[in-house]
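Summary of the model geometry
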Amino acid sequence: MNVSIVPSLKKLRPVAMLVIVVLLGLVLGYWANAAFLPGTSPEQPIAFSHRIHAGENEIPCMYCHTQARLSPSAGVPSVSKCVGCHLEIATERPQIRRLMSYWDNQEPIPWVKVHDLPDFVHFTHKRHVLAEVECQTCHGPVETMDRIRLTSRAADGTAQANHPWEMGQCLSCHRENEVENGTDCWTCHK
Amino acid sequence: MPNIDRRDFLKLVGAGGVSVGAGFMLREANKDATEYLIPHVVAPEDFSSGLATWYNSVCSMCPAGCGISVRTREGLAKKIEGNPAHPVNQGGLCSLGQAGLQVLYNPDRLTGPLKQTSARGSGSFEQITWDEGLDQLGSRLDLLRAARRGNRVAMLTQGVRGHLAQLFDNFMRQLGSQRLLHYDFNHPHTLYAANQRFFGQDRLPYYDLHNTRMLLSFGADYLTNWISPVHHSLGFGESRQGSSNERGRFIQIEPRMSASGAAADEWLAAKPGTEGILALALANHIVSEGNYAGADRADWAVALTDYTPAKAAEQTGIPQSTITRLADSFIDIQPSLAIGGGAAANHSNGVDTLMAVNVLNYLAGNIGQEGGLLLNPEPTSVVSQQQQASYSTLLEFAEAARQGEIDVLILNGSNPVFTLPQASEFREALASIPLVVSLSSFLDETTAMADLILPSHTYLESWGDDFPEPGMGFPVGAVSQPVVSPLYNTRATGDIILALARQMNVGTALPWENMEECIKDGWRQIYERGDAQTLAQGFDSFWTSVLRAGVWGETAAGDSEFTLDRSVISNIGVQAPEFSGSEEDFPFILHPYLSPNFYDGRGANLPWMQERPDPMTSVVYGSWVEMNPSTAKELDLIEGDLVDIQSLHGTVRAPVYLYPAIMPNVVAMPIGQGHQEFGRYAKDRGVNPIEILSPEIEPITGQLASSATRVNIVPTGRRSKLVKTSGTSRDLGREIVQFADVNGVELSSAGSNSIPITEVTA
């Protein structure tokens, strides 16, 4: 008796094609979202530009992020700090008006967080600032950004946009600089 | 290319489109939720995000008055530690003090003023505003004051010291009321009375456990709850392992082994209530052996004739040889110190017992000596020791209420419905008071009976100050400052009182805007009494330095010279204790002891304290009744058997716990559980042994003789499993416990399955 599976395979062909198309579609949709909407540079409540402040006007980072050298967190400036300058400077621009409306209502500005580490990592700004690590080493060329963009440091030491920090990146820098206990688990995971 | 007809093609395109969309949404759904960085509008001066700020303050969880340092971050309290600069606790803090955070963050806190809407105790309350609440109470008070009927207003507060106590005093005086009652279940009335009679001072001396080499404790569980447990723990450690070469010896005499008994070198069980007789027998032996050379030697010999060791051995159940040995070592090992408290002080002969303990200190020359007992100087500060109300005083008050003499009762933190025996009928007396107002932060049993609740801040949110009693041989004060902003719509107790005063138009006598001002004003007077160096810095900098250090001390010292009034000697004597209930019907003596976790029950709403195993039994959560294994055998009971503990005045039901270190005719129960209210963690858990206590009193002080109740144990035939962390309390040949006798000969632990105790015939 001559048995062939070809006829039954032929019957399956439309189903197989459907599966392939659906899978391709899923991957494409997923990739498209990741590529075009990475969420690594979200829109902020006020279009604050680091390029103007840190770049053109060369305001030092720690003028506003005052706690970076003292505390685990760098801190976001209080509304009153912004207002301190902008009572006088560029008062007519729409973004500054927006700032002043927050101030008039005595409301905080809900900045969207861009750089974040998981809760199980105990990162402290203080140590890195005191070790004279440039802010840009981790945060990328902030002084060129109009809107802040998630940036990390690639293996070759260059800034890597839209990519979150991963442990390997921390470690490679710790190794390069021969940080004391820099590869010890408990240094960061307490 | 296979043949695809138009229809199939369109189907595939459709499916492809849908799946692209699905893929897109899949990624969208997997994105982390947006987080925000919310800045301050105006940066506060005293904290930076990510950095801890520590505030020094005062612990209010028990009357010891330890200094605390609270770690705060972003304006929230995170951890409470002891303040290293405070002489009372020197950086130490007990578990109850640490659990103070759960008072602050307790989900059952009262978050705003409430008004009872139907019958009392029904638990139906409606929210009102502060103005309404203060108006309702204030107008009532104002009317009574104007009609010169201020004495119809009573205030019942938990023991309060410092300027808040003064404020209460002042307020009640303006009202024209003498009915200001401070009440704590554990207040040592008998100790105050005994010291007043012996030393002529209405304050406690400083017991120098740090430097003593020989401590005789008659029932005082000094490591857990006697006066200032954290300070005593430090002293215990110093005496045992401190700078001296000689290790301190600790001897504990009590019917049921407490944590202090477990830590002692020797634990002895005298028959309950005979501790004073034992102390006098020791004194008798000291005098008769010629170990006391004072001029009043002959007087003592006469006063103590009835208390020979032989006679005391019969009365106390402690062998004569042990009595004479203790008496000899109390003289031989110097410095020595005798203390008394706990159950020994809570009998009908409590004051006499503690007088007898003072006799021992007197005869051994321990008074005014380092390592003995140091008399505290007269408090120079404006803030004097508050007068605590005794059980009898509360009974009088309840009677006055029943007679319709009380119109308004203001409660502050005190929970008498829980901490008074049912025999006092206090709860019933409350019904005769037309307006009951509570300033408590929690809905405890008494607050549940209130018509109006004006909830106070917790101690971590309020201004206050404290002057620990006893002093440390010199006066100590500490300011309690708010470490966080108030979490809810509550107010500081002092602020409520000041607002009421304004409403009554007696603001001129109480001129302060708020409690902070009142405290600051009071401390200005302390500052003005200071020496030249203090005055040179100016008040503001003095105030800042007190707040920063969290504590302030003066260098005055008490009299080291002490002359005993001769009339004291002839009045020395200890009667046999009286118990309520006949020995036939109620064969056991109930030994209620303060739980190391809950103090007098005020810690029962803190989950940390509920979870903490009891140090002696390792039981968590519930209540239990401890009995000697031999007693249990006689009654045919094993661990976990539910029994009814019956007294003349009530019955409670609890599971049996076999406790080898308790006298066979004594059963013990921890106090603290058995709340009917007081939040989700405390409610309906265990039983409250205070309920069934007989209203027996110590006649001199009117204190409740809480150890004088006889009970019967009735098996119910039911069982419940005790939740405890330890498996068995027996060694079972594991050689966990090694025994060595005094000559250094090793003994095997095998066969030593229980702690040997002095056998006593019931």
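Predicted model only: the values in this text are computed from it and were never measured.

Parameters and conventions
- Residues numbered from 1 in each chain as written.
- Chains lettered and ligands numbered in written order.
- Predicted model: local features only at pLDDT ≥ 70, side-chain atom pairs only at ≥ 80, totals over all residues.
- Heavy atoms only, no water.
- Helix = DSSP H or I, 4+ residues; strand = E, 2+ residues; numbered from the N terminus.
- Rg over C-alpha atoms; globule rule 2.2 N^0.38 Å.
- Buried < 20%, exposed > 50% of the residue type's maximum accessible area, 1.4 Å probe, protein only.
- Contact = heavy atoms within 4.5 Å.
- Areas by Shrake-Rupley, 256 points an atom, 1.4 Å probe, with all protein chains shown as cover.
- Lys, Arg positive; Asp, Glu negative; His and termini not counted.
- Charge placed at Lys NZ, Arg CZ, Asp CG, Glu CD.
- Buried area = accessible area lost by both parts, 1.4 Å probe.
- Polar contact = N/O pair within 3.5 Å; in protein donor to acceptor, adjacent residues only side chain to side chain.
- Nonpolar A, V, L, I, M, F, W, Y, C, P; charged D, E, K, R; others polar.
- Pairing = 2+ DSSP bridges.
- Domains from an automatic or database assignment.
- Salt bridge = Lys/Arg side-chain N within 4 Å of Asp/Glu carboxyl O.
- Phe/Tyr/Trp six-rings, centres within 6.5 Å; stacked < 30°, edge-to-face > 60°.
- Lys NZ or Arg CZ within 6 Å of the ring centre and 35° of its normal.

Summing up its helical and strand segments, chain B has 23 helices and 28 strands in all. A compact globule built from 762 residues would reach a C-alpha radius of gyration of about 27 Å, and chain B, at 30 Å, matches this within 12%. Going through the 762 residues of chain B one by one, you find that 57% of them count as buried. The long-range fraction of contacts in chain B, counting pairs at least 24 apart against all pairs at least 6 apart in sequence, stands at 72%. Surface accessibility of chain B: about 30,800 Å² in total, with carbon and sulfur atoms responsible for 48%. In chain B, 54 side chains carry a positive charge and 84 a negative one; their mean positions are 7 Å apart.

Right, let's talk about the interface of chain B and chain A for a bit. Facing the 29 residues of chain B at the interface are 35 residues of chain A. Across the interface of chain B and chain A, roughly 2,700 Å² is buried in total on both sides, 69% from carbon and sulfur atoms. Three residues stand out in chain B for area buried against chain A, namely Arg 27, Leu 37 and Val 41 of chain B, and they jointly supply 24% of the buried area on that side. Here chain B and chain A share 11 residue pairs in polar contact (both at pLDDT 80 or more) between them. Listed by contribution, the elements that provide at least two residues to the side of chain B that touches chain A are helix 1 (6-30) and strand 1 (36-37) of chain B. Element by element, the count of residues in the side of chain B that touches chain A is highest for helix 1 of chain B, at 12 residues. Residues belonging to the side of chain B that touches chain A are distributed by class as follows: 16 nonpolar, nine polar and four charged. The sheet contact formed by strand 1 (residues 111-112) of chain A and strand 1 of chain B spans two bridges and is antiparallel.

Attention shifts here to helix 17 (residues 493-503) of chain B. Residue and element names in this part refer to chain B. With eight of its 11 residues buried, helix 17 lies for the most part within the structure. Residues of helix 17 that are buried include every one of Thr 493, Gly 494, Ile 496, Ile 497, Leu 498, Ala 499, Leu 500 and Ala 501, and no others. Where helix 17 is buried, its residues meet helix 4 (130-146), strand 7 (153-157), helix 5 (162-175), strand 15 (408-412) and helix 18 (515-528).

Our next topic: the domain arrangement of chain B. All names here are of chain B. By the assigned domains, chain B splits into domain 1 (189-374) and domain 2 (588-747). Using C-alpha coordinates to define each centre, domain 1 is positioned 26 Å away from domain 2. Contacts between domain 1 and domain 2 engage 25 residues on the former and 24 residues on the latter. Overall, the association of domain 1 and domain 2 removes approximately 2,000 Å² of surface from exposure, summing both partners, and the carbon and sulfur fraction of that is 66%. One can count one salt bridge joining domain 1 with domain 2. Of the charged contacts, one joins Arg 256 and Glu 626 as a salt bridge, the two residues approaching to 2.6 Å between their closest N and O atoms. Here domain 1 and domain 2 share 11 residue pairs in polar contact (both at pLDDT 80 or more) between them.

Bringing the packing of aromatic side chains into the picture now. All names here are of chain B. Inspection of every chain in the model, using the stated rule, returns 23 aromatic pairs over all chains. Taking the centre distance of 5.2 Å and the plane angle of 65° together, the rings of Phe 199 and Phe 562 count as edge-to-face. Taken as a pair, Phe 199 in helix 6 (residues 189-199) and Phe 562 in the loop between strand 20 (552-553) and helix 21 (566-570) lie far apart in primary sequence, 363 residues in all. Taken as a pair, Phe 199 and Phe 562 share a single burial class, namely buried. Consider the rings of Phe 539 and Phe 542, whose centres lie 6.2 Å apart with planes at 40°: the pair is tilted. Of this pair, Phe 539 and Phe 542 are both found in helix 20 (residues 539-549), three residues apart, which corresponds to roughly one turn of the helix. A single burial state applies to Phe 539 and to Phe 542, both of which are buried. A connected cluster of aromatic rings, assembled from ring pairs, spans Phe 198, Phe 199, Tyr 292, Trp 300, Tyr 362 and Phe 562. The ring centre of Tyr 593 lies 3.7 Å from the NZ or CZ of Arg 256, which sits over that ring. Over the face of the ring belonging to Phe 539 we find Arg 524, whose NZ or CZ atom lies 4.2 Å from the ring centre.

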